[in-house]
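Here's the letter readout for the chains.
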Amino acid sequence: METGAIRAEQLGRNFGSLAALAGLDLTVRQPEIFGLVGPDGAGKTTTLRLLSGVLAPSSGRAWVLGYDIVEQVEQVKALIGYMPQRFSLYPDLSVRENLAFFAEVYGVYGQECQERMAELLRFARLSQFGRRRAEYLSGGMKQKLALACTLIHRPQLLLLDEPTTGVDPVARREFWGILYHLLGRGVTILVSTPYMDEAERCNRVGFLAGGRLLTVGTPQELKSNYPYELLEVRGTAVARAREVLQDAPGVLDVQIFGETLHLVVSQARESLEPVRGHLWQAGLEQGLRLRPIAPSMEDVFMALLRQQG
């Protein structure tokens, strides 16, 4: 198996009889942004907690930046920045006081501490909010402060657990801009997310479900390997069309995407006319537009779940 910033071999973690993570084989290259994508309960948080040394594995082994996560856990912790879902900012401390606290935790003192704090405040666009108490920051600003605290000791690898959950779209885009800047500096980033649009932003993606890794690849590779074809139904009567098309010939699945439907079919061109006929019989064809489309990352993930039963 190739080496990288992270290498896991049959890594697993049980909680009683529940296998939260089962037989994970994974390599994260250095540097890249690798996205662990999946729904709640997929095993994303367990994976990051294992790799950060917070949890001990029940089975398998893993190495982070060349160090064993069990036998050399202190070396691992010194080189990574781990940002859990609920990062422990201190609400009654100011932005600068939070940074100073985490600098002390990581052993960053004196002039070096002041220089790094100033750099990170500029980097996260928080310089003008240095004296504001953390409890009065917006959700996006809190996440940027949490990331700045995670970066205070200049880690080589970031482990970010759903860092943009609950953050507005503008703040999410700004946060990802910061991640790309860090990637440009040579920092490797493993980020978990339930958002398929964020999966598109990653260099490579691993889909997790039920504690198992389903596949790994670049977004383009994953979409190119989509095993079905898709038809899009767009118009004013998509809710009724969804009911009608559930049993249409050649349609394997119907999924709603906002004001459109995605019909999963084995052959798009061969399915167009039967689907149109089905809509015509229901009196719906006039109000709807039907066309073949390329799959999204969400389509790919749903197909993987379908194949897993």
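Conventions used here
- Residues numbered from 1 in each chain as written.
- Predicted model: local features only at pLDDT ≥ 70, side-chain atom pairs only at ≥ 80, totals over all residues.
- Heavy atoms only, no water.
- Helix = DSSP H or I, 4+ residues; strand = E, 2+ residues; numbered from the N terminus.
- Buried < 20%, exposed > 50% of the residue type's maximum accessible area, 1.4 Å probe, protein only.
- Contact = heavy atoms within 4.5 Å.
- Areas by Shrake-Rupley, 256 points an atom, 1.4 Å probe, with all protein chains shown as cover.
- Lys, Arg positive; Asp, Glu negative; His and termini not counted.
- Charge placed at Lys NZ, Arg CZ, Asp CG, Glu CD.
- Pairing = 2+ DSSP bridges.
- Axes fitted to C-alpha atoms, helices over the stretch in contact; angles between N-to-C directions.
- Core = buried A, V, L, I, M, F, W, Y, C linked by side-chain atoms within 4.5 Å.
- Arc of directions from axis to C-beta.

Our next topic: the overall build of the protein. In terms of regular secondary structure, the protein is built from 11 helices and 14 strands. Summarising its shape, the C-alpha atoms of the protein cover approximately 75 × 45 × 35 Å along the three principal directions. In the protein, buried positions account for 50% of the 309 residues. The long-range fraction of contacts in the protein, counting pairs at least 24 apart against all pairs at least 6 apart in sequence, stands at 70%. On the protein, roughly 14900 Å² of surface is accessible, and the fraction owed to carbon and sulfur atoms is 47%. When the 33 basic and 34 acidic side-chain charges of the protein are each reduced to a single mean position, those positions are 4 Å apart.

The next subject is the sheet that holds strand E7 (residues 157–161). Spatially, E6-E7-E8-E3-E9-E10 is the arrangement adopted by the six strands of the open sheet, whose pairing is mixed. Across the chains shown, the open sheet's two edge strands, defined by having one partner strand only, are strand E6 (80–83) and strand E10 (212–217). Going from strand to strand, the sheet's axes swing by 15° on average, the running direction of each strand aside. Of the strand pairs in this sheet, strand E3 (residues 33–37) and strand E9 (residues 204–209) are connected by four bridges, and their pairing is parallel. Across the sheet, residue Val37 finds its bridge partner in E9, namely Phe207.

Inspection of the secondary structure puts Leu261 in strand E13 (residues 260–265). Under the relative-accessibility criterion, Leu261 is labelled buried at 0%. For Leu261 and Lys223, which are 38 residues apart along the polypeptide, the C-alpha to C-alpha distance reads 18 Å. Leaving out residues up to four positions away in the same chain, Leu261 has contacts with Leu231, Glu232, Val233, Val238, Ala241, Arg242, Leu245, Val254, Gln255 and Ile256.

Note that soluble globular proteins tend to have their nonpolar side chains buried in a common cluster. In this structure, Leu147, Leu182 and Phe207 are the most contacted members of the largest nonpolar core, which totals 57 residues. Counting residues per element, this core draws most heavily on helix H5 (residues 139–151), at seven residues. Among all residues touching Leu147, those that are not within four sequence positions of it are Met83, Leu158, Leu160, Phe175, Ile178, Leu179 and Leu182.

Next up on the list: helix H9 (residues 238–245). Residues Val238, Ala241, Val244 and Leu245 constitute the buried set of H9. Considered in projection along H9, the buried side chains sweep an arc of 115° and stay on one side of the axis. Turned more than 90 degrees away from the buried face of H9, the exposed residues are Ala239 and Glu243. Turning to H9, the residues buried within the fold contact strand E11 (229–235), strand E12 (251–257), E13, helix H10 (268–281) and strand E14 (288–293).

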